[in-house]
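Commentary on secondary and tertiary structure
Take a look at the letters that make up each chain.
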Amino acid sequence: MHRARQHAETRTRERRHRLAHEAAKLMAEGGIRDYHQAKLKAATRLGILDDASLPRNREIEDALREYQRLFLGDSHRAALRLRREAALRALEFLAGFDARLVGPVLDGTADDNTPVALQLYTDDADAVPRFLDEHRIPADARSRHLRLDRAREGDFPVWIFSAEELTFDLTVLPADALRQAPLSGIDEKPMKRASASQLRELLAQDEIDGYESWQG
């Protein structure tokens, strides 16, 4: 009985591993950014339909990093650096809103289809569109549902515009949300965020890592 249970658990782990890597491949090659969509598509493709075998979002993210490192290499690093440098300029431009970089450009899983996602903090609902309008930046208005913490959630304004041949995605949050990042849809923990100074440090470290890799 114990051996049968162990065998079943091993089989489930193997299926989760296969699904995580298939979902990661779909995200890397197909431009899918939604983890839930990627895992369901992977499950259909592999014919694995039991819920116990579905990987967690964090497992897919880890598999995506591995895929990008193994199969995309220099092209991925170049695309990521391009977006991080553009993000730094955007953070400096939007400094009046305590702007922070979030999402795949920060965590390193961005690809050629990934927008530069920033969070801005203000209690003036019209401040961001007014600022964009003053600088003659046309932007599309949308909304995004986020959980600020375990007790608060809601739909928040999003402004999307293009610059430097990239897409920028600005989520506008209340000023007090700066104290703690909203909860991530990946693992329900506070999102990783970076200020301009933190992003400068990350870019400097990227340059060091790239030099050491080239030397090696």
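Coordinates for the structure precede this section.
Treat the numbers as computed from the prediction; the structure is a model and nothing was measured.

Some points on the side chain of T109
The topology assignment puts T109 in the loop between α4 (104-107) and β2 (116-121). T109 gets classed as buried once you look at its relative accessible area, which sits at 0%. Within polar-contact distance, the side chain of T109 engages the side chain of D107 at 2.7 Å. The contact partners of T109, leaving out residues within four places of it in the chain, are R33, E61, L64, R65, Q68, H76 and P104.

What about the packing of aromatic side chains?
A complete count under the given rule lists 3 aromatic pairs for this structure. Taken together, a centroid distance of 5.5 Å and an interplanar angle of 85° make the contact between F97 and F131 edge-to-face. Placement of F97 in the loop between α3 (57-93) and β1 (100-102) and of F131 in helix α5 (residues 127-134) is noted, with a sequence separation of 34 residues between them. The class for F97 is buried, based on a relative accessible area of 9%. Between the aromatic rings of F161 and F168, the centroid separation amounts to 5.3 Å while the plane-to-plane angle is 10°, which identifies the pairing as stacked. As far as the burial class goes, F161 and F168 line up, both buried. Among the aromatic residues, those joined into a cluster by ring pairs are F93, F97 and F131.

How each quantity is defined
Residues numbered from 1 in each chain as written. Predicted model: local features only at pLDDT ≥ 70, side-chain atom pairs only at ≥ 80, totals over all residues. Heavy atoms only, no water. Helix = DSSP H or I, 4+ residues; strand = E, 2+ residues; numbered from the N terminus. Buried < 20%, exposed > 50% of the residue type's maximum accessible area, 1.4 Å probe, protein only. Polar contact = N/O pair within 3.5 Å; in protein donor to acceptor, adjacent residues only side chain to side chain. Contact = heavy atoms within 4.5 Å. Phe/Tyr/Trp six-rings, centres within 6.5 Å; stacked < 30°, edge-to-face > 60°.

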